[in-house]
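Topology and contacts: notes
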Amino acid sequence: MENMSKNGKEKKVLLTEDEMPKKWYNINPDLPRPLDPPRHPQTGEILRPEDLAMIFPMALIEQEVSQERYIDIPSELLEIYRIWRPTPLVRAERLENYLETPAKIYYKNESVSPPGSHKPNTAVAQAYYNKKEGTLRLTTETGAGQWGSALAFACNLIGLELTVYMVRVSYEQKPYRKIMMEVWGAEVLPSPTNRTSSGRGILEKNPNSPGSLGIAISEAVEDAVKSEGTKYSLGSVLNHVILHQTIVGLETKKQFEKLGIYPDVLVGCVGGGSNFGGFAFPFVPDKLKGKDIRIVAVEPLACPSLTKGPYAYDYGDTAKMAPIVKMYTLGHNFVPPPIHAGGLRYHGMAPQVSLLHNEGIIEAVAYHQNPVFEAAITFAKTEGIIPAPETAHAIRFVIDEALRCRESGEEKVIAFNFSGHGHFDLSAYEAYLGGKLEDYEYSDEKIKESLKDLPKV
Ligand SMILES: Cc1ncc(COP(=O)(O)O)c(C=O)c1O
């Protein structure tokens, strides 16, 4: 009885290894209109695939622009995915009971991967394609440290060196993530560093800069462009990253099919959009065909790109090294306040997620960090797992929606992506429990100011 839910159905919906999807889903051919083409950061011209070859292997560039609806997952990668996949879809029944809601809450538990989040789904794929094309070393940035540790895990498995530019505020708040990366053999530097001209430029203006994902990306890209045998790897935002993450949503779809139900509301937190996109995109074609399903992206009020930014062309990074893409953005110079959800401190949003938001296919909401941590603690006390602060943004919305269902009596099925655990974020929990977390709301004036520097395209 312990494992049985109220309906006599399992608490955990599992897939066998054989049932794991063998292809990723590419949303490009199903978007309601084509993405606006990315532009070269220096010339403003439409970017050619060759322009990206300095920093990415060809296989990933091809995936970036592919119009194939499904792309085969190489068998070597399926072998690696088997280390932690398929991941369980779990009924959060104790949370439902606590909330006294008629809603049914499910979470896709991506925290079971060795680094503790969804990030290795793309990290192992990127390391694999790089290795195949002869890359010796990768560079990357990391905010929360989740992405850096996922790539360190992947590079170690696949046999590549790795340098990680870690946003300084997270480097200081999360020393254990740094050690984890070092255990897997990566070199970890607090960004901004003196190693790159972009880092030095920032430090000259502000020696105490807390760093940002935009700055760390500039440093990692510069290092890759200037070093032999070295390429760059990005943990979010790009089409190929979300493509690799769709294994999450494809598994979730199969799991709901096993249950014989279809979710009413899908929820994910958004930093650059990869866990949200990977979870939700496989459901978008059903929505486009008329299925009544809400798809909700949740972001911090301290870095509200979807809810407060314009939909415009902007640089992907602070030093204007990365391509200019059409997205919801707070401006490439925007340095978000040092909230604890480090992985949600990115000024822009994935172009595919942005387009779907602009078309009204997905919705977005934003929260302050105190109510987010309150939701995280409710989840930890009812379901047991301590969520990453990023993931807790999704949980805040899920709880609010379940409480609305309590008022209305609706038995909605709410599913969210449990993107990662918070075992290395305990200093953030300590701050919350001690009443020391500040809620930052970025003023409209400040946003207006950083938007002055948008490129003219
Ligand atoms: C656990 C977790 N969830 C979510 C995110 C946000 O990234 P994305 O929007 O690409 O999923 C991060 C980023 O570091 C993360 O570590």
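Residues numbered from 1 in each chain as written. Predicted model: local features only at pLDDT ≥ 70, side-chain atom pairs only at ≥ 80, totals over all residues.

Section: the confidence of the model for the chain
Looking at the chain, pLDDT values average 94 and 98% of them are 70 or higher. Within the model, the stretch residues 1-6 combines pLDDT values under 50 with seven contacts to residues more than four positions away or in other chains. (pLDDT = per-residue confidence, 0-100. Contact = placed C-beta atoms within 7 Å.)

Section: the sheet that holds strand β11 (residues 294-300)
The seven strands lie next to each other as β1-β4-β5-β15-β10-β11-β14, forming an open sheet whose pairing is mixed. Looking at the sheet topology across the chains shown, the edges are occupied by β1 (12-13) and β14 (363-367). Bridge count for strand β5 (residues 104-109) against strand β15 (residues 413-418) is six bridges, and the pairing is parallel. When the sheet's bridge partners are listed, Lys104 is paired in β15 with Val413. In this fold helix α16 (residues 389-408) packs onto β5, β10 (265-269), β11, β14 and β15, with an angle of close to 150 degrees to the strand it touches most, β10. (Pairing = 2+ DSSP bridges. Helix = DSSP H or I, 4+ residues; strand = E, 2+ residues; numbered from the N terminus. Axes fitted to C-alpha atoms, helices over the stretch in contact; angles between N-to-C directions.)

Some thoughts on the domain arrangement of the chain
By a widely used convention, the size of an interface equals the accessible area lost when the partners come together. We note that the domain assignment places domain 1 (12-22 + 84-116 + 245-445) and domain 2 (24-72 + 119-232) within the chain. One C-alpha centre belongs to domain 1, the other to domain 2, and the line joining them spans 22 Å. Contacts between the two partners involve 49 residues from domain 1 and, on the opposite side, 42 residues from domain 2. Mapped by element, the contributors of at least two residues to the side of domain 1 that touches domain 2 are α10 (239-259), α11 (274-280), α12 (284-288), β12 (311-315), β13 (324-328) and α14 (351-358). The dominant element in the side of domain 1 that touches domain 2, judged by the number of residues it contributes, is α10, at five residues. (Domains from an automatic or database assignment.)

Quick look at the sheet that holds strand β7 (residues 161-167)
With parallel pairing, the four strands of this open sheet are ordered in space as β8-β7-β6-β9. Taken across any chain shown, the strands that pair with only one partner, and hence form the sheet edges, are β8 (187-191) and β9 (230-232). Between one strand and the next, the sheet's axes are offset by a mean angle of 25 degrees, whatever the strand orientation. Bridge analysis of strand β6 (residues 137-142) against β7 gives six bridges, and the strand direction is parallel. Bridge assignment links Thr142 to a residue of β7, and that residue is Met166.

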